[in-house]
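Results of the structural survey
Chain by chain, the residues run as shown.
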Amino acid sequence: MSSDTITRKPVVLIVDDDITTVKFIAEAIRDQYDVIFTLSAEDCLQKAMADQKPDLILLDVKMPSVDGFQICEALKKSEETQNIPVIFITSAKHQEDQEKGFEMGAIDYITKPINVKILRARLKAHVRQSIDLKNLEELALTDVLTGVPNRRKFNEAMRSDWKLAVRDKKPISLLMIDIDEFKRFNDHYGHPEGDKCLIAVAKTLKQTVDRPIDMVARIGGEEFVILLPDTDLTGAEFIAKKVRQSIHALNFPHSESKVCDFVTLSIGVSCMKPTLQEDPEMLIDAADKALYRAKHDGKDCYRVVTF
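Once that is clear, we can look at the pairing of strand β4 (residues 86–91). Among the six residues of β4, five are classified as buried, and the element is accordingly described as predominantly covered. One ladder, built from four bridges, connects strand β3 (residues 56–60) with β4; its direction is parallel. Counterpart to Ile57 in the pairing with β4 is Val86. Relative to strand β5 (residues 108–112), β4 is paired through five bridges, and the arrangement is parallel. Bridging across to β5, Thr90 finds its partner in Thr111.

The next point concerns the sheet that holds strand β2 (residues 34–38). Read across the open sheet, the five strands follow the order β2-β1-β3-β4-β5; overall the sheet is parallel. Unpaired on one side and paired on the other, β2 and β5 mark the two borders of the sheet. In this sheet, neighbouring strand axes are inclined to one another by 20° on average, regardless of whether the strands run parallel or antiparallel. Contacts from helix α3 (residues 68–77) reach β3, β4 and β5 within the one sheet, and its direction differs from that of β4 by about 175°.

Moving on, we get to helix α1 (residues 19–29). Inspection of α1 places Thr21, Val22, Ile25, Ala26, Ala28 and Ile29 among the buried residues, and these make up the whole buried set. Looking straight down α1, one finds that the buried residues subtend no more than 165° of arc, so they occupy a single side. Turned more than 90 degrees off the buried face of α1, the exposed positions are Thr20, Lys23 and Glu27. Taken together, the buried residues of α1 touch β1 (11–15), β2, β3, β4, β5 and α5 (116–140). A side-chain oxygen of the first residue of α1 lies 3.1 Å from the backbone nitrogen of Thr20; this N-cap is Asp18.

Procedures and definitions
- Chains are numbered independently. Their residues run from 1 in the order of the written sequence.
- In view of the model being predicted, local features appear only for residues whose pLDDT reaches at least 70, and side-chain atom pairs are presented and counted only at 80 or more, with totals across whole chains, interfaces and linings using the full set of residues.
- The side-chain values count all of the structure's non-hydrogen atoms but skip hydrogen atoms and water molecules.
- A 1.4 Å probe rolled over the protein chains alone gives each residue an accessible area, and that area as a share of the maximum for its type sets the label: buried under 20%, exposed over 50%, partly exposed in between.
- Where helices and strands are cited, they refer to DSSP runs of H or I of at least four residues and of E of at least two residues respectively, numbered from the N terminus.
- What makes two strands pair is DSSP finding at least two bridges between them.
- To define axes, lines are fitted to C-alpha atoms, for helices over the stretch in contact only, and angles between the resulting N-to-C directions are given on a 0 to 180 degree scale.
- Should any heavy atoms of two residues lie within 4.5 Å, those residues are considered in contact.
- What the arc measures is the spread of directions leading from the helix axis to the C-beta atoms.
- Pairing of N or O atoms within 3.5 Å defines a polar contact, subject to two protein rules: one partner must be a possible hydrogen donor and the other a possible acceptor, and residues neighboring in sequence count only if both atoms are side-chain atoms.

Just geometry here; none of it tells us what the structure is for.
What follows is the structure, encoded as structure tokens:
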């Protein structure tokens, strides 16, 4: 990947209890990287899982209370942070720690006193690899036709958001969405027009949700979902109504539909405040049942199944 395709500065997280070292590194690299830092090993995980995840972590081996090896091990055990490359910072006299560091999942070492040219060269190589890997992962999790997340990405987000809902004792909602009479649409207009319809519906759904934490995904041929963390039933029904209105306003022609002369949707809505004893499949199954009811009740509507 050429550097021209990078539209933002890569983010480097520095974890070191020595503020002098932090300032030295930050000054040496801030022209090419957005630098965030913490003087506490305990804060490393939180910063690594923030909305703006670092592209690379510079981690001091010798930290008070919790050493760098333990932090690296914790990073590599978490699904959210396991792919962030870690470079250890260590004193030259501690080079015997390198083997242990590699076993913990570190990709490289930088020794103190830090040579700026070596630091910049190694960061450049490893950050480029990290961004390339992120881009490949993003492609693997994106529906090629519509550009929205695919089923695999949805499944990952569902598990993650479910855990947060359990931890925070907050509701989570799901909309299961199906384009009505889509087979008739394809049979009459042809698959190229069918693709245009799918793209238009995906774009409209994305424009309907406002929060960054919400997710629109395509999970089947003409089937989409909207995952709504921290959303109660009232909020989920509001989104369902808004989706239906937006699709009506799209006015995408569908002369062969038995429902309407333009494209419509059937929507199943489910909402839960999950506990440790429950499973995300319960929310998905409930939304699926609600979708079936919407189809059975004449389509172009939404129905709700709750617990």
